[in-house]
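Residue-level structural notes
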Amino acid sequence: MTKTADGDHADVLIVGAGQAGLQAALSLREEGFAGSIRLVGEEPMLPYQRPPLSKGFVQGTASADSLVLRPRSLLDELRVDIHCDARATAIDRARQELVLLDGRRLAYGHLVLATGSRARRWNGPGAELDGIMYLRSMTDAAALKERLGQACNVVVVGAGFIGLEFASVVAKAGLAVNVVEAADRPMARCVTPTMSALFRQWHEEAGIAMHFGARLAAIEGKAGQVAGVRLDDDRLLPADIVLIGIGGIANDELAAQAGLAVDSGVVVDELLLTEDPAISAIGDCASHPNVFAGARMRVESVQNAIDQGRTVAARLAGKPLPYRAVPWFWSDQGSLKLQMAGLVAQTDRLIEIGSRHERRFSLLAFRDGVFAGAETVNRPADNMLARRILAKPVPLGFAEAEAAGFDLKALAAAAPA
Ligand SMILES: Cc1cc2nc3c(=O)[nH]c(=O)nc-3n(C[C@H](O)[C@H](O)[C@H](O)COP(=O)(O)OP(=O)(O)OC[C@H]3O[C@@H](n4cnc5c(N)ncnc54)[C@H](O)[C@@H]3O)c2cc1C
């Protein structure tokens, strides 16, 4: 019989009620785990999807309720004991207890850290001004949406995915928007230079002013309110809202304070286990050995959160398998659906299929003659096929992909899977 969390003890205690934490709980039940499961999260609401926050939610096409991942009734049915508004402050490893802000101590058989990441802050001049915004949580997004209604000039700092998604919404609403980026191209850490150049062109055509190689010197204000962004070449960009989108930092303090190894994220092995056999870490907060990168890394994506939630659940249900999921990601920027399969940024050769002019095409990216991933624009089927090919044990070579009559679909369908 499936157990309910008993008093202050749970067989599996998950801290962080986001995408990864919820997935671990759901997958434990799917795997037939009959022990007690408790999910503890600091946010006041049930676990929700973050991706729409910078897309439909700020735009007004997706409501807060529509973002909730599972209703409470289902969690009750599955006997997942969820505690919202409950912040964990410490782990007592010797007693296998999690300490909450209100002093409660929750005992665990196994603890899963799924605390996610937070937005990197601007700490330079003007950091205290009203109108400096971040976009990580529903609360952030609701505040941003409200202010957008009264804004004329928006500056986005950081041309990463979240910054560009938000800039696209702002431009569509007819407001003036400047994007400031220290690198020389958009999304530089994650996409190929070819894709960066196209997105730059398309965003500029949509009325977004882009400033590359540009550094923030200060955020300037008037009567405590944001008035503009000063760049290090002394240019002043007018602003009544400044969205800071300069990346995320892992919430790994609980682990660090408990004496576990952290390295810009909680250090786990390929089973997603920390050095303490009673503690795992998953999702945005976990620094894991990634076979596709050939290195340890932290990944901020829904795919990674879901697949790591599944991996840890399978292990706790007695089916240990290393984490080997193909990385994939999407970003909706205006009418452009960008999807990535594999890790494409550090690749050296490209094959293009489809039509750039119609904004429906894909780039197949190769590293050292081997298929490393695909970037697709408004061609979701290619993304699916690329993921299937990347999951195969035999890699796709450049010569094969370049040969006349090469068919992505046929190759993806061919054995071995
Ligand atoms: C605006 C935005 C847009 C995004 N768009 C995309 C996209 O288009 N595609 C994509 O693949 N990914 C996207 N992502 C990334 C994706 O949402 C994350 O990678 C995913 O949510 C990670 O899941 P997680 O469970 O690791 O972390 P989260 O979903 O962030 O959940 C972690 C939870 O832990 C809680 N927590 C932290 N510390 C404690 C504590 N001490 N005690 C209790 N609770 C705690 C946090 O408050 C949070 O609720 C986006 C993210 C954002 C913010």
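Conventions adopted
Residues numbered from 1 in each chain as written. Predicted model: local features only at pLDDT ≥ 70, side-chain atom pairs only at ≥ 80, totals over all residues. Heavy atoms only, no water. Helix = DSSP H or I, 4+ residues; strand = E, 2+ residues; numbered from the N terminus. Rg over C-alpha atoms; globule rule 2.2 N^0.38 Å. Buried < 20%, exposed > 50% of the residue type's maximum accessible area, 1.4 Å probe, protein only. Contact = heavy atoms within 4.5 Å. Areas by Shrake-Rupley, 256 points an atom, 1.4 Å probe, with all protein chains shown as cover. Axes fitted to C-alpha atoms, helices over the stretch in contact; angles between N-to-C directions. Left-handed = near helix turned anticlockwise from the far one by under 90°. Nonpolar A, V, L, I, M, F, W, Y, C, P; charged D, E, K, R; others polar. Disulfide = S-S within 2.5 Å. Pairing = 2+ DSSP bridges. Near = heavy atom within 4 Å. Polar contact = N/O pair within 3.5 Å; in protein donor to acceptor, adjacent residues only side chain to side chain. Phe/Tyr/Trp six-rings, centres within 6.5 Å; stacked < 30°, edge-to-face > 60°. Lys NZ or Arg CZ within 6 Å of the ring centre and 35° of its normal. Domains from an automatic or database assignment. Buried area = accessible area lost by both parts, 1.4 Å probe. Salt bridge = Lys/Arg side-chain N within 4 Å of Asp/Glu carboxyl O. Core = buried A, V, L, I, M, F, W, Y, C linked by side-chain atoms within 4.5 Å.

**A short note on the overall build of the protein chain**
In terms of regular secondary structure, the protein chain is built from 11 helices and 25 strands. Here the protein chain has a C-alpha radius of gyration of 22 Å; the compact-globule value for 417 residues is 22 Å, and the two agree. Projected onto its principal axes, the C-alpha positions of the protein chain cover 65 × 60 × 35 Å. Among the 417 residues that make up the protein chain, the fraction classed as buried is 53%. Of all intrachain contacts in the protein chain linking residues separated by at least 6 positions in sequence, the fraction that spans at least 24 positions is 61%. As displayed, the protein chain has an accessible area near 18,000 Å², and 52% of this comes from carbon and sulfur atoms.

**Description of the packing of helix 1 (residues 19-30) against helix 8 (residues 302-316)**
The contact between helix 1 and helix 8 brings their axes to 8 Å, and the two run at 35 degrees. For the pair helix 1 and helix 8, the crossing hand works out as right-handed. Contacts between helix 1 and helix 8 involve Gln-19, Ala-20, Gln-23, Ala-24, Ser-27 and Leu-28 on the former and, on the latter, Val-302, Ala-305, Ile-306, Gly-309, Arg-310, Val-312, Ala-313 and Leu-316. Its residues placed into classes, the contact of helix 1 with helix 8 shows nine nonpolar, four polar and one charged.

**Regarding the state of the cysteines**
Scanning the entire structure with this criterion turns up zero disulfides. Between Cys-84, a cysteine without a disulfide, and Cys-285, which holds the nearest cysteine sulfur, the sulfur-to-sulfur distance is 18 Å. Of all cysteine sulfurs, the one in Cys-285 lies closest to Cys-190, which takes part in no disulfide; the gap is 19 Å. On the basis of relative accessible area, Cys-190 is assigned to the partly exposed category, the value being 30%.

**Details of the sheet that holds strand 12 (residues 216-222)**
The three strands lie next to each other as 12-13-14, forming an open sheet whose pairing is antiparallel. Each edge of the sheet is formed by a strand with only one pairing partner; in this case those strands are strand 12 and strand 14 (236-238). On average, adjacent strands in this sheet sit at an angle of 30 degrees to one another, irrespective of strand direction. For strand 13 (residues 225-231) and strand 14, the ladder comprises three bridges, and the chain directions are antiparallel.

**Focus on the site of the ligand**
Looking at the ligand, there are 32 residues lining it, with Ala-20, Glu-42, Glu-43, Lys-55 and Asp-284 nearest. Within the side chain of Glu-43, an N or O atom sits 2.5 Å from an oxygen atom of the ligand. Here an oxygen atom of the ligand and a backbone polar atom of Ser-301 are 2.9 Å apart. Protein chains shield 96% of the accessible area of the ligand, which is 1,000 Å² for the free molecule.

**Notes on the packing of aromatic side chains**
Describing an aromatic ring pair means giving the distance of the ring centres and the angle of the ring planes. Evaluated as defined, the whole model comprises six aromatic pairs. Where Phe-161 meets Phe-329, the ring centres are 4.6 Å apart and the plane angle is 40 degrees; that geometry is what we call tilted. In this pair, Phe-161 sits in helix 5 (residues 161-172) while Phe-329 sits in strand 21 (residues 328-333), placing the two residues 168 residues apart along the sequence. Taking the centre distance of 5.1 Å and the plane angle of 90 degrees together, the rings of Phe-366 and Phe-398 count as edge-to-face. Residue Phe-366 is found in strand 24 (residues 360-367), and its partner Phe-398 is found in helix 10 (residues 398-402); the two are separated by 32 residues along the sequence. When its relative accessible area of 9% is taken as the criterion, Phe-398 is described as buried. Ring-pair connections join several aromatic residues into one group, and the members of that group are Phe-199, Trp-202 and Phe-361. Against the face of Tyr-134 rests Arg-121, its NZ or CZ located 3.7 Å from the ring centre.

**Some details on the domain arrangement of the protein chain**
When the parts come together, some accessible area is lost, and that loss is often what is quoted as the size of the interface. Per the domain assignment, the segments of the protein chain are domain 1 (9-118 + 249-316), domain 2 (121-246) and domain 3 (335-413). Taken residue by residue, the interface counts 18 residues in domain 1 and 15 residues in domain 2. Carbon and sulfur atoms make up 64% of the surface buried where domain 1 meets domain 2, a total of about 1,400 Å² over both sides. Considering only the surface of domain 1 that becomes buried against domain 2, Ser-54, Phe-57 and Val-58 emerge as the three largest contributors, covering 40% of it. Scanning the region where domain 1 abuts domain 2 turns up three salt bridges. Inspection of the domain 1/domain 2 interface yields seven residue pairs in polar contact (both at pLDDT 80 or more).

**So, the nonpolar core**
Counting residues in hydrophobic clusters, the biggest one holds 50 residues, and the most contacted among them are Ile-14, Ile-91, Leu-98, Leu-111, Leu-113 and Ile-282. Tallying contributions element by element places helix 1 first for this core, with six residues. If near-sequence neighbours (up to four positions away) are discounted, Leu-113 is found in contact with Val-15, Ile-91, Ala-255, Val-266, Ile-279, Ser-280, Ala-281, Ile-282 and Cys-285. Counting residues in hydrophobic clusters, the runner-up holds 45 residues, among them Tyr-48, Leu-53, Leu-67 and Leu-243.

**Let's talk about the sheet that holds strand 8 (residues 132-133)**
The five strands are arranged 8-15-9-10-11 in an open sheet whose pairing can be described as parallel. The outermost strands of the open sheet, each flanked by one partner alone, are strand 8 and strand 11 (208-212). Bridge analysis of strand 10 (residues 176-181) against strand 11 gives five bridges, and the strand direction is parallel. In the sheet register, Glu-181 faces strand 11, and the bridge partner there is Phe-212. This element, helix 5, spans strand 9 (153-157), strand 10, strand 11 and strand 15 (241-244) of the sheet and lies at about 165 degrees to strand 10.

**Description of unusual backbone geometry**
With a phi close to 55 degrees, Arg-79 is a non-glycine residue in the positive phi region. Mapped onto the elements of the fold, Arg-79 is located in the loop between helix 3 (72-77) and strand 3 (80-83). Its relative accessible area of 37% is what places Arg-79 among the partly exposed residues. With phi around 70 degrees, Leu-272 is a residue other than glycine that occupies positive phi space. Along the chain, Leu-272 falls in the loop between strand 17 (266-267) and strand 18 (279-281).

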